[in-house]
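Summary of the model geometry
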Amino acid sequence: MNAPSVTRAPPRRSYAGLVILLVVLGAAGYAGWTAWQGVLQQRESSLSRVDRLSAEVQALRAQLQSLGDRDSQIQLAVKQQGDEVAALSAHVDDTLHGGRGRIQLAAVEELLLLANDRLQLAHDVVSAERAMAEADRRLATLADPGLLQVRQELARERAALAAVPKPDVAGAALALAELVRQAPKYPLMGRVPQSFETPAPPPSAQGTGPLGSAWAAAKTALSSIFAVRKSEGLPPRLLAPEAETLVRQVLELKVEGARLALIAGDGAAFRELDAAALRWLGQYFNPQDPGVDAARRDLERLARLDLSPPLPDVSRSLALLRGRLESRAQ
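Contact pair helix α2 (residues 125-142) / helix α3 (residues 148-162): the axes reach a minimum separation of 10 Å and the direction vectors enclose 155°. It follows that α2 is roughly antiparallel to α3 by the angle criterion. The two elements α2 and α3 meet at a crossing, and its hand is left-handed. The segment α2 lies against α3, with Val125, Ala128, Glu129, Met132, Ala133, Ala135, Asp136, Leu139 and Ala140 engaging Val150, Arg151, Leu154, Glu157, Arg158, Leu161 and Ala162. In terms of residue class, the contact of α2 with α3 is built from eleven nonpolar, no polar and five charged.

Glancing now at the packing of helix α7 (residues 267-284) against helix α8 (residues 290-303). At a closest axis distance of 10 Å, the pairing of α7 and α8 adopts a crossing angle of 160°. Classified by the interaxial angle, the pair formed by α7 and α8 is roughly antiparallel. Like other packed secondary-structure pairs, α7 and α8 cross with a definite hand, here left-handed. The segment α7 lies against α8, with Phe270, Arg271, Asp274, Ala277, Leu278 and Leu281 engaging Val292, Ala295, Arg296, Leu299, Glu300, Leu302 and Ala303. Tallied by class, the residues present in the contact of α7 with α8 amount to nine nonpolar, no polar and four charged.

Moving on, we come to α7. Relative to the 26 Å expected for 18 residues at 1.5 Å per residue, α7 spans 26 Å between its end C-alpha atoms, a close match to the ideal helical length. For α7, the set of buried residues is Gly267, Phe270, Asp274, Ala276, Ala277, Trp280, Leu281 and Tyr284.

A few words on the nonpolar core. Core analysis: the biggest nonpolar cluster contains 27 residues, and Leu176, Tyr186, Leu251, Leu262, Phe270, Leu281 and Phe285 have the highest contact counts within it. Counting only elements with at least two residues in this core, the list comes to α4 (169-182), α6 (241-264), α7 and α8. Discounting residues that sit within four places of it in the chain, Phe285 has contacts with Ala183, Tyr186, Pro187, Leu188, Met189, Val247, Arg248, Leu251, Trp280 and Val292. Membership of the second largest hydrophobic core comes to 22 residues, among which are Leu105, Ala135, Leu147 and Val164.

Cut-offs and rules
- Residues numbered from 1 in each chain as written.
- Predicted model: local features only at pLDDT ≥ 70, side-chain atom pairs only at ≥ 80, totals over all residues.
- Heavy atoms only, no water.
- Axes fitted to C-alpha atoms, helices over the stretch in contact; angles between N-to-C directions.
- Helix = DSSP H or I, 4+ residues; strand = E, 2+ residues; numbered from the N terminus.
- Parallel < 35°, antiparallel > 145°, perpendicular 65-115°, else oblique.
- Left-handed = near helix turned anticlockwise from the far one by under 90°.
- Contact = heavy atoms within 4.5 Å.
- Nonpolar A, V, L, I, M, F, W, Y, C, P; charged D, E, K, R; others polar.
- Expected span 1.5 Å × (residues − 1).
- Buried < 20%, exposed > 50% of the residue type's maximum accessible area, 1.4 Å probe, protein only.
- Core = buried A, V, L, I, M, F, W, Y, C linked by side-chain atoms within 4.5 Å.

Here it is, written out as structure tokens:
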């Protein structure tokens, strides 16, 4: 007979190993799932960060584009402002240049007016020449072709003024002043003697005794009454001592008046007073004296001075300048 079979229980170690295996697998799976979840979270976080960074980059690009547009606008505005400033500067320069030109032309007009006044009213050729020379110098600084005709006429008028005779008024005035200073020293033609004395008879005419003395006295008296001599012209004018000072003062006044008329440019008065002084000198002063003779020659020489020579017309340049000013004002 067969013996009954006995069923053996599996060993506990095998279940325990399986459980451990399952636990390990579960733990590994959980760890893997956890890790995968972490990876997924990191991926999502990375994607979110990338999206955020992309958004920031786009925002930065948009900002840069805006800044670029703004910079272009600023550069355009700066360029426009620069053009406006340049145009304004050019306008200001033109205005100032035109203003300076108008001021210079007004000054030239005043100089030409002064030249005409000095020439026509005072016959002052030297001052007129100086005023016209300054006017021409100012016209040269403007460099305006429209003023060429004015300068040509001005050059012609200056040449005409240079040809006008210019008497040496200063030298003539000094000569007359010296004549006034020397006038008190000029000797007069003659004097009235302080007392009259009967000349003593010559020794040969004196007789001896009363009869001889009486005859000599009568002879001397008769010879002094009648005298025959050769006449050489009018007798010299006799002046009392108290009249000498008056005669010299009259001469000084006539010469001084001629000097003042000379300085004032009054040719008619100068010639009249010079001739009067010359006549007075010849009537009362000794012509044989070297000083009197020198004074006479000086007065004759000065009488030939032409203080009023014919003067040219210098008004055409002024008229041309005024025409130019009127054309610029229109």
